[in-house]
Amino acid sequence: MAPTTKKFSALDFVPTISDSESDVPDLDLSDNEEEEVSEEQAASQAKGKKEKKKVQEKKRAREAVDDEDAHEDINDDFKFELDQDDVSTGFQGWDFHNGDANGGEDGEAVKKDVDLDKIIRRKGGLIKMAHVEDSEEEQEESKSDDDDDELAMDGFGMGSAAKNDDEEEEEESGEENADEDVEESADESADEEEGADEDTPQAISDFYAPESESAEAKEQTHTNFNSLSLSRPVLKGLSNLGYTKPSPIQSATIPIALLGKDIIAGAVTGSGKTAAFMIPIIERLLFKPAKVASTRVIVLTPTRELAIQISDVGKKIAQFVPDITFGLAVGGLNLRQQEQQLKLRPDIVIATPGRFIDHVRNSSSFNVDSVEILVMDEADRMLEEGFQDELSEIMQLLPNKRQNLLFSATMNSKIKQLVSLSLRKPVRIMINPPKQAASKLVQEFVRIRKRDHLKPALLFNLIRKLDNMGQKRIVVFVARKELAHRLRVILGLLGMKATELHGSLSQEQRLDSVTKFKSLEVPVLICTDLASRGLDIPKIEVVINYDMPKSYEIYLHRVGRTARAGREGRSISFVGESTQERSIVRDAIYSVENVNKTVAKGQRGKALGRNVDWTKVEDTNAIIEKSADTVEEILEEEKQEKEILRAEMQIRKGENMLKHKKEIQSRPKRTWFQSEKDKQNVKLLGALSKTKKESNSKQRKRTEALEEGGRSYKKTQHDRTTDQERAYKKQRTGNSRSAKKGGKKGGRR
Ligand SMILES: Nc1ncnc2c1ncn2[C@@H]1O[C@H](COP(=O)(O)OP(=O)(O)OP(=O)(O)O)[C@@H](O)[C@H]1O
């Protein structure tokens, strides 16, 4: 029987304090048991009372256990201060209510998180925008780029023509970005060793499908989706989304993917890669319906936000296809709810690697034996960013016979990295020169020179100038999460609303930031590179690189958040004097010049040097400097409030542990692939394997499993058979129950 198609939205998975009891997944007690209890109650009053008490105890224990699990989803290590205090800010509150939507055990409200804006307001911020000369701002809309100078090929006289003088310059300014504590720096060293590590022609021809297939794919031009021979419901879904014409990457990849071939595809950001894999997947599921509910497609993606986004796009394309189901397996969202959902074996599961492994290992009824297609979105990032261990584990868990689709904006992974994915002669489809920004992007650069201390003031003045009314979405990229937080406070004190997005926020906080930003409730989003890839927030007008990224590739990902899908957009980068930063400017200018040679006038991008009135920036800086103490006070108050919340949480946790100790301890321990212990084991074993030959991956995992307390690292054939039997029985019980209730659903598709 097909699982019920339930339309989940991203927020369905966010653990909220108002989750009603009935929403709490049944952990220890099956529905059957509860029914039996009430029958016995009718038969014997005395026994009934006892059972009722037992049920209540179990329920209470279950709530406590859920609270434990909810806590697993919370980032406890969120620190803005670089001191030793282990202050949690990811704390979302413990769900100890007894049916009361917002109350604690005694009905009092459980405070979820510290309200930073409230503290800022208490200190006089977020009320009135700090005064800066307004005359120019008013003209800004009409005069657009008048402030800027067209940049010559050598940037700010940075000498792009003489690329070789880099080394000399490096000696002069090499210290400048040496010690930046950059969070989530994407492919930092991707290009460092190019050349030395280049794939040979022989390796390429051995690994990939013949070049003729790639060329043929790229020649495909489709003026509408009809010529791709798609089914009616899919066409209807696409037209509902407003997609009339396939983008080049869609034209090139959809026909090949429909043939069942493996693909490695690359195309610039915002070019429609998500639909390029979602369309053929949905077509395939539609035309080869499964007889029993089973998960047939896994989409792996590096971040939770991307997973949610992909799921939303997929659901929209499939909205007229009967019975296609989607599931999410991502970190940070409620584990139990995901487990319940995965039990139904959704056709398409979109997952982040760590949580995916966790579910396969620990959710007895989630099974991946029927997976036919594996998609890796942002594949190069996953291959480079420490996901290797997870990926090789996943490759072992998935059936060998499957179609593999790898997509990325900058697909520069080397064959030796790809080999582990057991691809079958993939067709390589690279659309557009990989190193160029969207054509309608205006890229502006501000040379900072020795004015680093003025950057917060410059940021404020720029945003005011670009968007006095708070009607444009502006994304600001910074190097460190602490800085994102501090800037939010500084802008808040100047009266400007901003929000943050980075790895230290809990999933709920991240979603909250994105939602507020999308709705323009808060028009400024300050983030780290966590958000530089893939996030498709419609209508981001401006991207500001407050700190330059470490490479041109990351720069492209960041500025790719604007000027998406043929729209216009602007990026403004604060450029320091380091060789690295200057070379990014050069690459950008060079690319604009090259692209402009090939595109029509109206489509051309620009690279401009932005003129700044530094006197006004100095004025704003004077205001910021005056409020320096207030910034510290706000951060301190926030820290203290967090400590109080944390202490309250510990007390509640302790009370519950005491009350329900037995039940909690009797639960089997979950295994987590990404636990620190795991990572240490992997490292340790890696080191061992260098000296000893014995450590193949199976032995490693066995050792890992032993250290985890004897729990198996991977399901054995016996486990799988038992799981299948259990799921089958459960399904039958479900079938007969729903049939009894007259709710039986018809056959699949
Ligand atoms: N055929 C199409 N017609 C019109 N709009 C489209 C089409 N395909 C995709 N889009 C829109 O283009 C935008 C970018 O698509 P998408 O996010 O899939 O790009 P991407 O290539 O995956 O970008 P990134 O590399 O940043 O992840 C989305 O808003 C999407 O709705």
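- The name an unreviewed UniProt entry gives the protein chain is ATP-dependent RNA helicase DRS1, with Maudiozyma humilis as the organism.
- Database annotation for the protein chain, UniProt heading Catalytic activity (unreviewed entry): "ATP + H2O = ADP + phosphate + H(+)".

Regarding the overall build of the protein chain
Working step 1: Secondary structure assignment for the protein chain yields 26 helices and 15 strands.
Working step 2: A separation threshold of at least 6 residues defines the contact pool for the protein chain, and within that pool the share at least 24 residues apart is 79%.
Working step 3: For the protein chain, the accessible area works out to roughly 34600 Å², and carbon and sulfur atoms hold 49% of it.

Here's the deal with the pattern of salt bridges
Working step 1: What the rule picks out here adds up to 19 salt bridges.
Working step 2: Across the salt bridge formed by Arg570 and Glu444, the nearest N and O atoms sit 2.9 Å from each other. Placement of the pair is Arg570 in strand β14 (residues 569-575) and Glu444 in strand β9 (residues 441-447), with a sequence separation of 126 residues. Here the two residues Arg570 and Glu444 agree in accessibility, since each one is buried.
Working step 3: Residues participating in the shared-partner salt-bridge network are Asp117, Arg488 and Glu500.

Focus: the nonpolar core
Working step 1: Counting residues in hydrophobic clusters, the biggest one holds 48 residues, and the most contacted among them are Met278 and Ile348.
Working step 2: Judged by nonpolar contacts, the second largest core, of 42 residues, contains Leu126, Val446, Val476 and Phe574.

Section: helix α13 (residues 353-362)
Along an α-helix, residues three or four apart share an orientation, since each turn contains 3.6 residues.
Working step 1: When you tally the buried positions in α13, you get ten out of ten residues, the bulk of the element.
Working step 2: Along α13, the residues that are buried comprise Pro353, Gly354, Arg355, Phe356, Ile357, Asp358, His359, Val360, Arg361 and Asn362.

Section: a negative patch on the surface
Working step 1: Negative charge collects at one region of the surface, where Asp613, Glu618, Asp619 and Glu625 lie side by side.
Working step 2: With respect to the helices and strands, Asp613 occurs in the loop between β15 (606-610) and α22 (614-626).
Working step 3: With a relative accessible area of 35%, Asp613 lands in the partly exposed category.

Here's the deal with the side chain of Asn334
Working step 1: Looking at the secondary structure, you find Asn334 in the loop between β4 (326-329) and α12 (335-343).
Working step 2: Look at Asn334 and you get buried, because its relative accessible area is 12%.
Working step 3: Here the side chain of Asn334 touches Arg336 through a polar contact of 2.9 Å, landing on its backbone nitrogen.

Observations regarding the environment of Gly569
Working step 1: Structurally, Gly569 is set in strand β14.
Working step 2: Residue classification places Gly569 among the buried positions, given a relative accessible area of 10%.
Working step 3: It is 6.1 Å that separates the C-alpha atoms of Gly569 and Val542, two residues lying 27 residues apart in sequence.
Working step 4: Residues in contact with Gly569, not counting those within four places in the same chain, are Lys440, Leu441, Val442, Glu541, Thr562 and Ala563.

Examining the sheet that holds strand β3 (residues 297-300)
Working step 1: As summarised here, the arrangement of the seven strands in space is β4-β5-β3-β6-β7-β2-β8, forming an open sheet in which the pairing is parallel. The sheet is open, and its two edges are formed by β4 and β8 (427-430), each paired on a single side. On average, adjacent strands in this sheet sit at an angle of 15° to one another, irrespective of strand direction.
Working step 2: Across four bridges, the pairing between β4 and strand β5 (residues 348-351) is parallel. Bridge pairing in β5 links Gly327 to Val349.
Working step 3: Along the sheet, helix α11 (residues 304-317) makes contact with β3, β4, β5 and β6 (373-377), crossing β4 at roughly 180°.

A closer look at the packing of aromatic side chains
Working step 1: Scanning all chains against the criterion turns up six aromatic pairs.
Working step 2: Look at Phe207 and Tyr208: their rings are 4.9 Å apart centre to centre, the planes differ by 90°, and that puts the pair in the edge-to-face class.
Working step 3: Residue class for Phe207 comes out buried when judged on its relative accessible area of 13%.
Working step 4: When the centroid spacing of 6.2 Å and the interplanar angle of 85° are considered together, the rings of Phe356 and Phe366 count as edge-to-face.

Looking at the packing of helix α18 (residues 481-493) against helix α23 (residues 628-666)
Working step 1: Look at α18 against α23: their axes get within 10 Å of each other, and the N-to-C directions meet at 120°. Taken together, α18 and α23 sit at an angle that is classed as oblique. In this structure, α18 meets α23 at a crossing whose hand is right-handed. Along its contact with α18, which presents His485, Arg486, Val489, Ile490 and Leu493, the element α23 presents Thr630, Val631, Glu632, Ile634, Leu635 and Glu638.
Working step 2: Grouping the constituent residues of the contact of α18 with α23 by class yields six nonpolar, two polar and three charged.

Some details on the UniProt feature "coiled-coil region" (unreviewed entry) in the protein chain
Working step 1: As annotated by UniProt and renumbered to match this structure, "coiled-coil region" (unreviewed entry) occupies residues 621-657.
Working step 2: Helix makes up 97% of residues 621-657 and strand 0%, and the two end C-alpha atoms of the span are 51 Å apart.

What to know about the packing of helix α17 (residues 455-466) against α22
Working step 1: Between α17 and α22, whose axes approach to 8 Å, the crossing angle comes to 110°. Judged on the interaxial angle alone, α22 and α17 are roughly perpendicular. In this structure, α17 crosses over α22, and the sense of that crossing is right-handed. Only Trp614, Lys616, Val617, Thr620, Asn621 and Ile624 of α22 make contact with α17, whose side of the interface consists of Pro456, Ala457, Leu458, Phe460 and Asn461.
Working step 2: Looking at the contact of α17 with α22, its residues break down into seven nonpolar, three polar and one charged.

Quick notes on the rules
- Residues numbered from 1 in each chain as written.
- Predicted model: local features only at pLDDT ≥ 70, side-chain atom pairs only at ≥ 80, totals over all residues.
- Heavy atoms only, no water.
- UniProt positions renumbered as here; feature names shortened; annotations may be inferred.
- Helix = DSSP H or I, 4+ residues; strand = E, 2+ residues; numbered from the N terminus.
- Contact = heavy atoms within 4.5 Å.
- Areas by Shrake-Rupley, 256 points an atom, 1.4 Å probe, with all protein chains shown as cover.
- Salt bridge = Lys/Arg side-chain N within 4 Å of Asp/Glu carboxyl O.
- Buried < 20%, exposed > 50% of the residue type's maximum accessible area, 1.4 Å probe, protein only.
- Core = buried A, V, L, I, M, F, W, Y, C linked by side-chain atoms within 4.5 Å.
- Patch = residues over 30% accessible without salt bridge, like charges linked within 9 Å, V, L, I, M, F, W, Y side chains within 5 Å.
- Lys, Arg positive; Asp, Glu negative; His and termini not counted.
- Charge placed at Lys NZ, Arg CZ, Asp CG, Glu CD.
- Polar contact = N/O pair within 3.5 Å; in protein donor to acceptor, adjacent residues only side chain to side chain.
- Pairing = 2+ DSSP bridges.
- Axes fitted to C-alpha atoms, helices over the stretch in contact; angles between N-to-C directions.
- Phe/Tyr/Trp six-rings, centres within 6.5 Å; stacked < 30°, edge-to-face > 60°.
- Parallel < 35°, antiparallel > 145°, perpendicular 65-115°, else oblique.
- Left-handed = near helix turned anticlockwise from the far one by under 90°.
- Nonpolar A, V, L, I, M, F, W, Y, C, P; charged D, E, K, R; others polar.

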